[in-house]
Amino acid sequence: MEKYDIEILLGKILSGNATDEEQDKHQKLCQELPEYAKAYKQSQKLWGGAVGRMSDEDIACDKAKVQGKLNRALLSQIKKHKQKMAFYRIAAAIAIPIAIAVSVLFNLNFQSKNERSAGKTKIYAPMGHIASCQLPDGTMVWINSGSTVSYDISDFKSDERSVQLEGEAYFQVPKNQKVPFFVRTKIANVKVTGTSFNVKTDTESEIFETVLNDGIVLLSSNGRRKKEIKLNPGERAVYRMDRKQFEIQNVDAEMYSSWRNGEIIFRDATLKDLMLKLEQIYDIQVLFEDPEMANYRFRGMFSYNSNLIDALEKIKSTARIDYYIKDKKVWLRNEIKKE
């Protein structure tokens, strides 16, 4: 069995969510595979004593990690099913949360590395999911699909609070004028004393952006020619590495942070922008048969709780666009050119 399959099976067994067929498989593995039986006994002990040791934040974060592993296992089946109905069943299953054991899966012998040790914490939001947690200073963080926030407990000192970000996250920072809060990325950094804001960084395209909901933030680029600016509520700052400067524009801040509530809002966006979001959520690749289609304008709202087929059908119903799916690739084509 694959590592993911073993972890999912043990999780269902320990949490009481296993089917009769999975119970039979578990009994057979315990009899035939000593390594599995040993892991099961260790997991039982951990499960029994974990309730009093794990915080609600730890449980929520681990649930998101486990769900991500389940998603990857389900998505791997897509390659074996080319018919749309088969894909629909898999995509629909991804949108259904399941209750499985979360206190043991990251302590098994099958795990390659521990992501929480010696005060270091890394919180990852799996593709298609949003993770949230509370930092040691009380800051609330929402982490977007495929993104990571990491910190060391030593990063929260008497004169500074700081975290590292890869991807996109929304922060609600409690006010403390004496102890500033930093969000550090590979491209630029954010400094605040207490406010709400959205940060997104893309190292591949070398673009960094911050949208401020309330309060004031200070932004600074990395590198020798350091650029610094102050951002006011309702402003969006974009820093491009190739231009070495910040560009500021007035925006509807809620549009850029609505994802934390499981919603994506588009107002006069290009179809390419929309598809980039769907690629992030569903871990797929979108291709255009006609490159001109990428410039089509689009308005609408999507929910993280919807599956891929629902999202594509919504696009199809509002524009003369058709699609087909093959091996985790979604091809878009003009409906009028369809055979």
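The structure reproduced in this document is the subject of the present report. (Residues numbered from 1 in each chain as written. Predicted model: local features only at pLDDT ≥ 70, side-chain atom pairs only at ≥ 80, totals over all residues. Heavy atoms only, no water.)

### Quick notes on the layout of surface pockets
- In this structure, the largest pocket spans a volume of roughly 1,300 Å³.
- Surrounding the largest pocket, 37 residues form its lining, Lys200, Glu209, Asp273, Leu276 and Lys277 being those nearest its centre.
- Among the elements of the structure, β10 (196-202), β11 (207-214), β14 (235-240), α6 (253-257), β16 (263-270) and α7 (271-282) are those that each provide at least two residues to the lining of the largest pocket.
- For the lining of the largest pocket, the element with the most residues is β16, which contributes eight residues.
- Residue composition of the lining of the largest pocket, grouped by class: 12 nonpolar, 10 polar and 15 charged.
- For the lining of the largest pocket, the domains that each give at least three residues are domain 2 (124-256) and domain 3 (263-334). (1 Å grid on protein atoms, 1.4 Å probe; cavity = no way out; pocket = protein on both sides within 12 Å on 5 of 7 lines; lining within 4 Å. Points joined across faces, edges and corners; volume = space filled by probe spheres on them. Helix = DSSP H or I, 4+ residues; strand = E, 2+ residues; numbered from the N terminus. Nonpolar A, V, L, I, M, F, W, Y, C, P; charged D, E, K, R; others polar. Domains from an automatic or database assignment.)

### Comments concerning the nonpolar core
- Ranked by internal contacts, the top residues of the largest apolar core, which has 31 residues, are Val163, Phe171, Phe181, Val190 and Phe197.
- Residue contributions to this core peak at three residues, all from strand β9 (residues 188-192).
- Once you skip the residues sitting within four places of it in the chain, Val190 turns out to touch Phe181, Phe182, Val183, Phe197, Val199, Phe208, Thr210, Val217, Leu218 and Leu219.
- Ranked by size, the runner-up nonpolar core spans 21 residues in total, among them Ile264, Met275, Val286 and Ala311. (Core = buried A, V, L, I, M, F, W, Y, C linked by side-chain atoms within 4.5 Å. Buried < 20%, exposed > 50% of the residue type's maximum accessible area, 1.4 Å probe, protein only. Contact = heavy atoms within 4.5 Å.)

### Brief notes about the sheet that holds strand β20 (residues 329-334)
- Strand order in the open sheet formed by three strands is β17-β20-β19, with mixed pairing between adjacent strands. The open sheet has two edge strands with one neighbour each: β17 (285-288) and β19 (321-326). Neighbour-to-neighbour, the strand axes of the sheet open up by a mean angle of 25 degrees, direction not taken into account.
- Here β17 pairs with β20 via four bridges, running parallel. Note on β20: the bridge partner recorded for Gln285 is Lys329.
- Most of the contacts of α7 go to β17, to which it runs at about 155 degrees, and overall it touches β17, β19 and β20. (Pairing = 2+ DSSP bridges. Axes fitted to C-alpha atoms, helices over the stretch in contact; angles between N-to-C directions.)

### Here we look at the side chain of Lys277
- Topologically, Lys277 is positioned in helix α7.
- On the basis of relative accessibility, which here comes to 13%, the residue Lys277 falls in the buried class.
- Among the polar contacts made by the side chain of Lys277, one reaches the side chain of Glu168 at a distance of 3.4 Å. (Polar contact = N/O pair within 3.5 Å; in protein donor to acceptor, adjacent residues only side chain to side chain.)

### Some remarks on the packing of aromatic side chains
- Using the criterion set out here, one finds six aromatic pairs in the structure.
- With a centroid separation of 5.4 Å and 15 degrees between ring planes, the pair formed by Phe171 and Phe197 is classed as stacked. Placement of the pair is Phe171 in strand β7 (residues 168-172) and Phe197 in strand β10, with a sequence separation of 26 residues. For the pair formed by Phe171 and Phe197, the shared burial category is buried.
- Put simply, the rings of Phe171, Phe181 and Phe197 touch in pairs and so form one group of aromatic residues. (Phe/Tyr/Trp six-rings, centres within 6.5 Å; stacked < 30°, edge-to-face > 60°.)

### Observations regarding the sheet that holds β10
- Pairing within the open sheet is antiparallel, and its seven strands lie in the order β3-β4-β7-β10-β11-β14-β15. Looking at the sheet topology across the chains shown, the edges are occupied by β3 (131-134) and β15 (245-250). Each adjacent strand pair in this sheet contributes to an overall mean axis angle of 15 degrees, direction not counted.
- Both β11 and β14 contribute to a ladder of five bridges, which runs antiparallel. Bridging from a neighbouring strand, Val211 pairs with Arg236 of β14.

### A word on the pattern of salt bridges
- Throughout the structure, instances matching the rule amount to nine salt bridges.
- Two residues, Glu168 and Lys277, come together in a salt bridge whose shortest N-O distance is 3.4 Å. Taken together, the positions of Glu168 in strand β7 and Lys277 in helix α7 put the pair 109 residues apart, joining distant regions of the chain. Take Glu168 and Lys277: they sit in the same class, and that class is buried.
- Residues joined in a network through salt bridges with shared partners are Arg240, Arg243 and Glu247. (Salt bridge = Lys/Arg side-chain N within 4 Å of Asp/Glu carboxyl O.)

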